[in-house]
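Here's the letter readout for the chains.
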Amino acid sequence: MKTYKIDTFISQSRGSGERYTTRFGGQPDWIVAPQWPISLPWDNRPLKFIGQIRINDFNSELKDLTLVYIFMTQPEDKTDPFFDPDIIYPDAGENAIIVQPNGKIPGYIHTENFCVGPTVDSETIWIPQTTESEEMDTTEFKQLDVDKFCGIPAFFQNSKVKSDDMLLLQLHTNWLPFYINGGGEPTMFTFLNGKNDGGFILIEDM
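Read on for an overview of the structure. Please read these numbers as outputs of a predicted model, since none were measured by experiment.

Rules of the game
- Counting restarts for each chain, with residues numbered from 1 along the sequence as it is written.
- Totals for whole chains, interfaces and linings use every residue, but because this is a predicted model, local features are given only for residues with pLDDT of at least 70 and side-chain atom pairs only at 80 or more, for both listing and counting.
- Note: side-chain values were computed over all heavy atoms of the structure, leaving out hydrogens and water.
- The secondary structure listing takes helices from DSSP runs of H or I that are at least 4 residues long and strands from runs of E that are at least 2 residues long, numbered from the N terminus.
- Restricting the calculation to C-alpha atoms gives the radius of gyration, and the globule rule supplies 2.2 Å times the number of residues raised to the power 0.38.
- By definition, residues are in contact when any of their heavy atoms lie within 4.5 Å.
- Note on areas: these come from Shrake-Rupley sampling with a 1.4 Å probe, and a residue is covered only by the protein chains present in the view.
- Within this scheme the basic residues Lys and Arg register as positive and the acidic residues Asp and Glu register as negative, but His and the chain ends are omitted.
- Every charge is mapped onto a representative atom, which is NZ of Lys, CZ of Arg, CG of Asp or CD of Glu.
- Buried residues of nine kinds, namely Ala, Val, Leu, Ile, Met, Phe, Trp, Tyr and Cys, make up a nonpolar core once their side-chain atoms join them within 4.5 Å.
- Exposed residues in this analysis have more than 50% of their type's maximum accessible area, buried residues have under 20%, and partly exposed residues fall in between, with area computed by a 1.4 Å probe over protein chains only.
- Using protein atoms alone on a 1 Å grid, points that fit a 1.4 Å probe yet trap it form a cavity, whereas open point sets bounded by protein on both sides within 12 Å along at least five of seven lines form a pocket; residues with an atom within 4 Å of a point count as lining.
- Grid points are joined across faces, edges and corners, and a volume is the space filled by probe spheres set on the points.
- Classification used: nonpolar for Ala, Val, Leu, Ile, Met, Phe, Trp, Tyr, Cys and Pro, charged for Asp, Glu, Lys and Arg, polar for all others including Gly.
- Definition of a polar contact: a pair of N or O atoms within 3.5 Å, with one able to donate and the other able to accept a hydrogen when the atoms are protein atoms, and with sequence-neighbouring residues admitted only if both atoms are side-chain atoms.

**A closer look at the overall build of the protein**
Move 1: The number of helices and strands found in the protein is 1 helix and 13 strands.
Move 2: When the elements of the protein are put in sequence order from the N terminus, they spell out β-β-β-β-β-β-β-β-β-α-β-β-β-β.
Move 3: Here the protein has a C-alpha radius of gyration of 16 Å; the compact-globule value for 206 residues is 17 Å, and the two agree.
Move 4: For the protein, the spread of C-alpha atoms along the principal axes amounts to about 45 × 40 × 35 Å.
Move 5: Across the protein, the fraction of contacts at a sequence separation of at least 24, relative to all contacts at a separation of at least 6, is 66%.
Move 6: With the model as given, the accessible surface of the protein reaches about 10,400 Å², and the carbon-plus-sulfur share is 49%.
Move 7: Averaging the coordinates of the 16 positive side-chain charges in the protein and doing the same for the 30 negative ones gives two points 5 Å apart.

Structure, rendered in structure tokens:
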């Protein structure tokens, strides 16, 4: 199975570079009308934009441009003590995967047509630099347990997913150049469903 290990992130000032690319921070490059997720339990608080992934980079069968946008309920910054433990659950509405242009939004996610909103980095966008390789069922856990796109998820708490759910992104959120509060020692797993029209986030924490 192909995987794309994230070796590093290159910083760019907001507004520079191409649109509709895989990146973290900044604001979403909406393909169609904005669909910004909000948290109903937290007084319609907008979820924070983590980043976007152009899945055409990892699926050559897709002909039309398709972006996956990643959102999560988050504190304002490192000094903000706010934390919602429900972000670890894929169906609690405190994290969200939005797919455009032909995505389907599950009932537990509520959206508004905000073009812009809170983001993990308002000044800088972060472009992942990757190395392509192959993973197999026999690959050692320490080799699976890296920041990457696609491949085999390095679960350590026996999370279960469907056979056609594809790992899209795996991140150790404590070791990034942008701030994500995912818990104590968390790994964030982002999945895309078999129809490429939706997905979900799982977080496992030590």
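**Focus: the nonpolar core**
Move 1: Residues Phe24, Ile53, Val68, Phe149 and Leu169 are the most contacted members of the largest nonpolar core, which totals 28 residues.
Move 2: Membership of the second largest hydrophobic core comes to 10 residues, among which are Trp30, Phe49, Ala96 and Ile98.

**What about empty space enclosed by the protein?**
Move 1: On inspection of all chains with the given rule, the structure shows 1 cavity of 30 Å³ or more.
Move 2: Taken together, Ile55, Phe58, Asn59, Leu62, Met166, Leu192 and Asn196 form the lining of the largest cavity.
Move 3: Counted by class, the lining of the largest cavity contains 5 nonpolar, 2 polar and no charged residues.

**Structural notes on the side chain of threonine 119**
Move 1: Within the secondary structure layout, threonine 119 lies in the loop between strand E8 (110-112) and strand E9 (124-134).
Move 2: Threonine 119 sits in the buried class, given a relative accessible area of 13%.
Move 3: At 2.6 Å, the side chain of threonine 119 and the backbone oxygen of glycine 26 are in polar contact.

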